[in-house]
Number of protein chains: 2
Amino acid sequence: MKSAIPETGVPITPPATGNGSDRQEASLHGEILLRLRDYVVEGNIPDGARVPERQLCEMLGISRTPLREALKVLAAEGLIELLPNRGARVRQLSQRDLEELFDVMAGLESLAGRLACEAITDEEIAAIERLHYEMYGHYLHRDMHGYFQTNQQIHESIVAAARNATLKTTYANFAGRIRRVRYSANFARKRQRWAEAMREHEAILDALRRRAGSELSDILFQHLRNKRGAAIEHLAEGPDGTPATTPQGD
Amino acid sequence: MKSAIPETGVPITPPATGNGSDRQEASLHGEILLRLRDYVVEGNIPDGARVPERQLCEMLGISRTPLREALKVLAAEGLIELLPNRGARVRQLSQRDLEELFDVMAGLESLAGRLACEAITDEEIAAIERLHYEMYGHYLHRDMHGYFQTNQQIHESIVAAARNATLKTTYANFAGRIRRVRYSANFARKRQRWAEAMREHEAILDALRRRAGSELSDILFQHLRNKRGAAIEHLAEGPDGTPATTPQGD
DNA sequence: CCACGCCATTTTGCATTCATTTTTTGTCTT
DNA sequence: AAGACAAAAAATGAATGCAAAATGGCGTGG
């Protein structure tokens, strides 16, 4: 018997980044869905590992019915996969899967930028500028965590400025999938990309100020594409030099 | 003892355009999910109407458990919404919701075009050209149904040429939501948009031949944006001149 | 010594059952 | 007669039970 899940119960995850595609906190099922999603996204279950229903049930103190409902939803979201009569497994993303995910993210952000140019206010732009300088500070201090967090805030601000709830939800969904890889693989962007990324961010701000939708769309896509390259490359050689974590079904 | 599914039940929908975000035809739950999704997408349940579990259960000849699992997934996909303790309703899309949907679709197609330029073969382009001329024929014959179908094939070909399964799945999901509106509202694009749309399609082909990713991305976005305008406008004044179908809670 | 097959245990999938909540209906009061 | 209240009826949400499938262990045979 292999228990992929530690004995310590599920930490009551606050709605930190709330990547939910829906927010039905009312019903037990909804609550379970939120907690389980965070649990998986945060990498508490290793790649490809089984998600034992029984164990999770006693861990969460519920019966199997609402848990299984939540599992079905997570499967539809692409976080786990359901093998017929063989239970749920955390979805193991191949390198190709990751490339695809990054490209879709790039497309969504590209879209967000385009739409943002149509409706963004000067105040919102000013807020993003502040974040930009804050990020620059992190960059100078070599504070990777702070840098990454602020970077994420900037991109989320652009998505918010797009004034499109559907886009925002979809974006959050994909962001969650990618975040899981980051958590579990413990990867971050390379130093060497920092300077380049900063320049790109300046171009983003510039296009945003001019409300140049098409241009911003292009820049954002390229920016994310470059991120993709760095991330994939990083994963391919392992988070700390170890050989690549090759997808292994079983 | 409940036997097989009654003949009068849900029509056995062929995998026509297969908009599934997953295809687990094996389990009963998966089968139910596919059928229910098609059932809803095809507009068999009016906007905002309740989705009575009990009735659907005997219609499908199953118990409530797998049905409820499918409902949860459909809710996550955005086709229905779950009111706590008050059952499932077919999601009523406001005009704003539709605008958002169209914009996201535009973004996805825009992305598809960009990616397609990186990998599309001459043969695929030739196939799209054939579809284009076929569509032109429908246009000349004022065959709206044929035109629309071929048009959809072209856009799907571009998505296929993007070589991104994740994108394709997401695209199919949103296409399903929009398709439902088309089915239930019975709307189609106006004649007057035809000529313009044909010209845009020629520009699309041109950019595709030149593998001009950014350019194609722009054109596709604008193309879909124009579509959006026509569709929304059409819905706003009703499919056949009737006043707008205003969202109605219950 | 290893490979193959058989049986016990565990796990999954679905049906059924139980407890609440909502909705409806009937009655009473004003 | 209209509205409000209350009880019955129905529907929902979750738990439990049961049959089928898979997993693992064990014995037998090569």
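Our structure's up above, just so we're on the same page.
Undergrad: I'd like to hear about the pairing of strand β2 (residues 80–83) of chain A, residue by residue, with values.
TA: Residue and element names in this part refer to chain A. Alignment of β2 against strand β3 (residues 87–90), held across four bridges, turns out to be antiparallel. In the strand pairing of β3, Leu-82 is matched with Ala-88. Hairpin connection of β2 to β3: three residues between the antiparallel strands, including Asn-85 at a positive phi of 65 degrees.

Undergrad: Can you break down the protein's contact with DNA strand D residue by residue, with the values?
TA: DNA strand D sits among 18 residues. The nearest are Leu28(A), Ser63(A), Thr65(A), Arg64(B) and Arg68(B). Within the side chain of Arg86(A), a nitrogen or oxygen atom sits 3.2 Å from a phosphate oxygen of DNA strand D. The side chain of Arg68(B) places a nitrogen or oxygen atom 2.7 Å from a phosphate oxygen of DNA strand D. Of all the secondary-structure elements, those providing two or more residues to the surface near DNA strand D are α1 (28–41) and α3 (64–77) of chain A together with α2 (53–60) and α3 (64–77) of chain B. The biggest single contributor to the surface near DNA strand D is α3(A), with three residues. Taken together, the residues that form the surface near DNA strand D break down as four nonpolar, seven polar and seven charged.

Undergrad: How would you explain the sheet that holds strand β1 (residues 50–51) of chain B if you had to name every residue and give the values?
TA: Sheets are built from strands that pair by backbone hydrogen bonding, the pairs being arranged parallel or antiparallel. Pairing within the open sheet is antiparallel, and its three strands lie in the order β1-β3-β2 (chain B). What marks the edges here is a single partner per strand, and that holds for β1 and β2 (80–83) of chain B.

Undergrad: Could you give an account of the nonpolar core, naming the residues involved and the relevant values?
TA: One finds Ile158(A), Leu167(A), Leu208(A), Ile158(B), Leu167(B) and Leu208(B) to be the most contacted residues of the largest nonpolar core, which totals 93 residues. Beyond its immediate sequence surroundings of up to four residues, Leu208(B) is in contact with Ala116(B), Cys117(B), Ile120(B), Ile125(B), Ile128(B) and Leu216(B).

Undergrad: So, the pattern of salt bridges: which residues are in play, and what are the values?
TA: Two side chains with opposite charge may pair up if their charged atoms get near one another. Summed over the entire model, instances satisfying the criterion amount to 40 salt bridges over all chains. Where Arg96(A) meets Glu100(A), a salt bridge forms, and the shortest distance between an N and an O atom there is 3.4 Å. Placement of both Arg96(A) and Glu100(A) in helix α4 (residues 95–119) is noted, with a separation of four residues, approximately one turn of the helix. Judged by relative accessible area, which is 7%, Glu100(A) ranks as buried. A salt bridge links Arg210(A) to Glu215(A); the shortest N-O distance between them is 2.7 Å. Salt bridges sharing common partners tie together Glu53(A), Arg64(A), Arg68(A), Lys72(A) and Glu69(B).

Undergrad: Tell me about the sheet that holds β2(A), and name the residues and values.
TA: Read across the sheet, three strands follow the order β1-β3-β2 (chain A) without closing on themselves; strand pairing throughout is antiparallel. Every interior strand has two partners, whereas the edge strands, β1 (50–51) and β2 of chain A, have only one.

Undergrad: Can you lay out the protein's contact with DNA strand C for me, pointing to particular residues and giving the numbers?
TA: Around DNA strand C, the surrounding shell holds 16 residues, and the nearest of these are Arg64(A), Arg68(A), Leu28(B), Ser63(B) and Thr65(B). In DNA strand C, the atoms that sit within 4 Å of the protein are 70% sugar and phosphate, with bases accounting for the remainder. In the model, a phosphate oxygen of DNA strand C is placed 3.5 Å from a nitrogen or oxygen of the His29(B) main chain. A per-class count over the surface near DNA strand C returns four nonpolar, seven polar and five charged.

Undergrad: Please set out unusual backbone geometry residue by residue, giving values where relevant.
TA: Although it is not a glycine, Arg163(A) sits at a positive phi angle of roughly 55 degrees. For Arg163(A), the location among the structural elements is in the loop between α6 (144–161) and α7 (165–185). Assessed through its relative accessible area of 35%, Arg163(A) is described here as partly exposed. One non-glycine residue with positive phi stands out, namely Asn85(B), at about 65 degrees. Among the structural elements, Asn85(B) can be located in the loop between β2 and β3 (87–90).

Undergrad: A description of the interface of chain B and chain A should follow, citing residues and the corresponding values.
TA: Contacts between chain B and chain A engage 36 residues on the former and 35 residues on the latter. The junction of chain B with chain A conceals about 2,900 Å² of combined surface from both sides, 56% of it contributed by carbon and sulfur atoms. A salt bridge links Glu69(B) to Arg68(A), with the shortest nitrogen-to-oxygen separation between them at 3.7 Å. On inspection of chain B and its partner chain A, the count reaches 14 residue pairs in polar contact (both at pLDDT 80 or more). Counting only elements with at least two residues in the side of chain B that touches chain A, the list comes to α3, α4 (95–119), α7 (165–185) and α9 (213–236) of chain B. Considering every element that reaches the side of chain B that touches chain A, the biggest residue donor is α4(B), with twelve residues. Of the residues in the side of chain B that touches chain A, the class split is 14 nonpolar, ten polar and twelve charged.

Quick notes on the rules
- Residues numbered from 1 in each chain as written.
- Chains lettered and ligands numbered in written order.
- Predicted model: local features only at pLDDT ≥ 70, side-chain atom pairs only at ≥ 80, totals over all residues.
- Heavy atoms only, no water.
- Pairing = 2+ DSSP bridges.
- Helix = DSSP H or I, 4+ residues; strand = E, 2+ residues; numbered from the N terminus.
- Near = heavy atom within 4 Å.
- Polar contact = N/O pair within 3.5 Å; in protein donor to acceptor, adjacent residues only side chain to side chain.
- Nonpolar A, V, L, I, M, F, W, Y, C, P; charged D, E, K, R; others polar.
- Core = buried A, V, L, I, M, F, W, Y, C linked by side-chain atoms within 4.5 Å.
- Buried < 20%, exposed > 50% of the residue type's maximum accessible area, 1.4 Å probe, protein only.
- Contact = heavy atoms within 4.5 Å.
- Salt bridge = Lys/Arg side-chain N within 4 Å of Asp/Glu carboxyl O.
- Buried area = accessible area lost by both parts, 1.4 Å probe.

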